[in-house]
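Fold and geometry: a report
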Amino acid sequence: MTERPRQTASPDAPVFRFAPSPNGRLHLGHALSALLNAQMAESIGGRLLLRIEDIDLTRCTPELEQAIIDDLTWLGIPFERPVRRQSEHFALYREALDRLQAMGLVYPAFLTRGEVKARVSAFEREGGLWPRDPDGAPLYPTEERSLGEAERSEKLANIERHAWRLDIDKALHVVGARLTWQETGDGPQGEMPADPAAWGDVVLWRSDAPSSYHLAVTVDDAAQGVTHVVRGLDLFHATSVHRLLQTLLGLPQPVYHHHRLVLGPDGRKLSKSHGDTALSALRAEGKTPSDIRAMVGI
Ligand code: GLU
């Protein structure tokens, strides 16, 4: 990608976004994603937005956000200003949660991660097979869907830490129709069947952070007019939840492009534990932006 003067995109231009979380340094996997977003946006005269996904206020820091901006600027990613920060839009996510609540689709969930884990282990020790989501995490038990009003109010008054979850059965009932999305990525392509039930009663509002990844990403993609979501194949199945939330909230659906992942020497998806693939480390060791493009195959 060459640096050229940016022309002002027309108001109906396609909109792409790169949406990292500032809870660690960007690595080669992020570089692939950002470069692909920029390349695809440029090829169809689209705009490229940068969204900082910092709902987790304990793990995300302003220093890491600045490091992201420095890395992207160094790589030559032409994202628009101003940058959107999710931490500045909690009221918007709350409004979406309130709408789902008014539709009778959400409930307060009080079990801690440890309690769910203990329940699953006990069940599996007895030879049962607890259902798991596409990431391998056990589905949340569903009994709190039907807590009586009195018991629910008492718990809400006494247990400060609680999440809000989507009753997936009710949500699918309300939607009625089969959900799909348009996929153009490196995995299967075409019209994909969405299977939100595979995730069970997803968290919409975390007990330890305002909002949740699924709710914030869905609301923001619509609020920012995103038409093309380009992200890693690790988020392929999450799209099922996003399509469900878009449908319930009456939001438009983007086209999705889930790209291949950059793997570490151990064959696993890159993470912060692969420190030597951090863009800052590669830059310090003398690599140039074109070396990075070559390393991720762009
Ligand atoms: N914030 C997410 C991440 O860093 C990406 C979200 C998305 O592209 O939908 O993995």
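Above this text is the structure in question.
Residues numbered from 1 in each chain as written. Predicted model: local features only at pLDDT ≥ 70, side-chain atom pairs only at ≥ 80, totals over all residues. Heavy atoms only, no water.

Here we look at the site of the ligand
Selection rule: It suffices for a single heavy atom of a residue to lie within 4 Å of a molecule or strand for the residue to be listed as near it. Polar contact is defined as a pair of N or O atoms within 3.5 Å, subject to the rule that within protein one atom must be able to donate a hydrogen and the other to accept it, and that residues adjacent in sequence are counted only when both atoms are side-chain atoms. A 1.4 Å probe and the Shrake-Rupley method give the accessible areas. Residues count as covered only by the protein chains that appear here. Any residue outside Ala, Val, Leu, Ile, Met, Phe, Trp, Tyr, Cys, Pro, Asp, Glu, Lys and Arg is labelled polar, Gly included; the first ten of those are nonpolar and the last four are charged.
Taken together, the neighbourhood of the ligand is formed by Arg17, Ala19, Pro20, Ser21, Glu53, Tyr213, Val217, Arg231 and Leu235. Contact distances for the ligand include 2.6 Å between a nitrogen atom and a side-chain N or O atom of Glu53. Compared with its free state, where it exposes 300 Å², the ligand has 78% of that area covered by protein. By residue class, the composition of the shell around the ligand is 5 nonpolar, 1 polar and 3 charged.

As for the nonpolar core
For clarity, the threshold we go by: Nine residue types can take part in a nonpolar core, namely buried Ala, Val, Leu, Ile, Met, Phe, Trp, Tyr and Cys, and a core is a set of them joined through side-chain atoms within 4.5 Å. Think of it in three bands: residues with accessible area under 20% of the maximum for their type are buried, residues over 50% are exposed, and the middle band is partly exposed, with areas taken using a 1.4 Å probe on protein chains only. Put simply, DSSP H or I for four residues or longer makes a helix, DSSP E for two residues or longer makes a strand, and each gets a number counted from the N terminus. For this analysis, residues touch if any pair of their heavy atoms sits within 4.5 Å.
Tyr93, Leu100, Leu166, Leu204, Leu215, Leu244 and Leu248 are the most contacted members of the largest nonpolar core, which totals 35 residues. At the level of secondary structure, the elements contributing two or more residues to this core comprise helix H3 (90-102), strand E5 (163-166), helix H6 (168-175), strand E8 (203-205), helix H7 (213-223) and helix H8 (238-249). If sequence neighbours within four positions are ignored, Leu244 has contacts with Leu166, Ile168, Ala171, Leu172, Val175, Leu179 and Pro196. Formed by 29 residues, the second largest nonpolar core is a distinct cluster that contains Phe18, Leu48, Phe79 and Val296.

Some thoughts on the pairing of strand E6 (residues 180-183)
Each regular strand carries side chains that alternate between the two faces of the sheet. To keep it simple, the criterion reads: A strand pair is defined by DSSP finding two or more bridges across the two strands.
Pairing analysis gives 4 bridges linking E6 to strand E7 (residues 190-193), with the strands arranged antiparallel. Across the sheet, Gln182 pairs through a bridge with Glu191, a residue of E7. Remark: 6 residues form the turn of the hairpin made by E6 and E7, two consecutive strands paired antiparallel.

Observations regarding the pattern of salt bridges
What counts here: A pair is scored as a salt bridge if a Lys or Arg side-chain nitrogen falls within 4 Å of a carboxyl oxygen belonging to Asp or Glu.
Applying the stated rule across the entire model yields 19 salt bridges. For the salt bridge of Asp201 with Arg145, the shortest nitrogen-to-oxygen distance reads 2.9 Å. Taken together, the residues span a long stretch of sequence, with Asp201 in the loop between E7 and E8 and Arg145 in the loop between helix H4 (113-125) and helix H5 (149-158) at a distance of 56 residues. Overall, the relative accessible area of 1% leaves Asp201 in the buried class. One connected set of salt bridges, linked through shared partners, spans Arg17, Arg51, Glu53, Arg84, Asp220 and Asp221.

As for the sheet that holds E8
Formally: Lines fitted to C-alpha atoms define the axes here, with helix axes fitted over just the stretch in contact, and angles between the N-to-C directions of these axes take values from 0 to 180 degrees.
Read from one edge to the other, the open sheet built from 3 strands follows the order E4-E5-E8, with strand pairing classed as antiparallel. Only two strands of the sheet have a single neighbouring strand rather than two, namely strand E4 (106-109) and E8. Looking at each pair of strands side by side, their axes are set apart by 45 degrees on average, direction ignored. This element, H3, spans E4, E5 and E8 of the sheet and lies at about 125 degrees to E8.

Remarks on the pairing of strand E2 (residues 47-52)
Keep this limit in mind: Handedness of a crossover: with both strands directed away from the viewer, a clockwise path from the first strand across the helix to the second marks it as right-handed.
With 5 of 6 residues buried, E2 is to be regarded as a mostly interior element. Following the chain from strand E1 (residues 15-18) across helix H1 (residues 28-43) to the adjacent parallel E2, one finds a crossover that is right-handed. Strand direction decides the pairing type here: E2 and strand E3 (residues 84-85), joined by 2 bridges, are parallel. Following the sheet pairing, Ile52 is matched in E3 by Arg85.

Focus on the packing of H3 against H8
Spelled out, the test is: Should an angle fall under 35 degrees it is taken as roughly parallel, and over 145 as roughly antiparallel, whereas 65 to 115 is taken as roughly perpendicular and any remaining angle as oblique.
Running from N to C, H3 and H8 point in directions that differ by 75 degrees, and their axes come no closer than 10 Å. Here H3 lies roughly perpendicular to H8, going by the angle between them. Contacts from Ala96, Arg99 and Leu100 of H3 reach H8 at Leu245, Leu248 and Leu249. Partitioning the contact of H3 with H8 into residue classes produces 5 nonpolar, no polar and 1 charged.

Description of the environment of Leu156
Along the chain, Leu156 turns up in helix H5. Measuring from C-alpha to C-alpha, the distance between Leu156 and Leu233 comes to 38 Å, with 77 residues separating the pair along the chain. Not counting residues up to four positions away in its chain, the partners in contact with Leu156 are Pro108, Phe110, His162 and Trp164.

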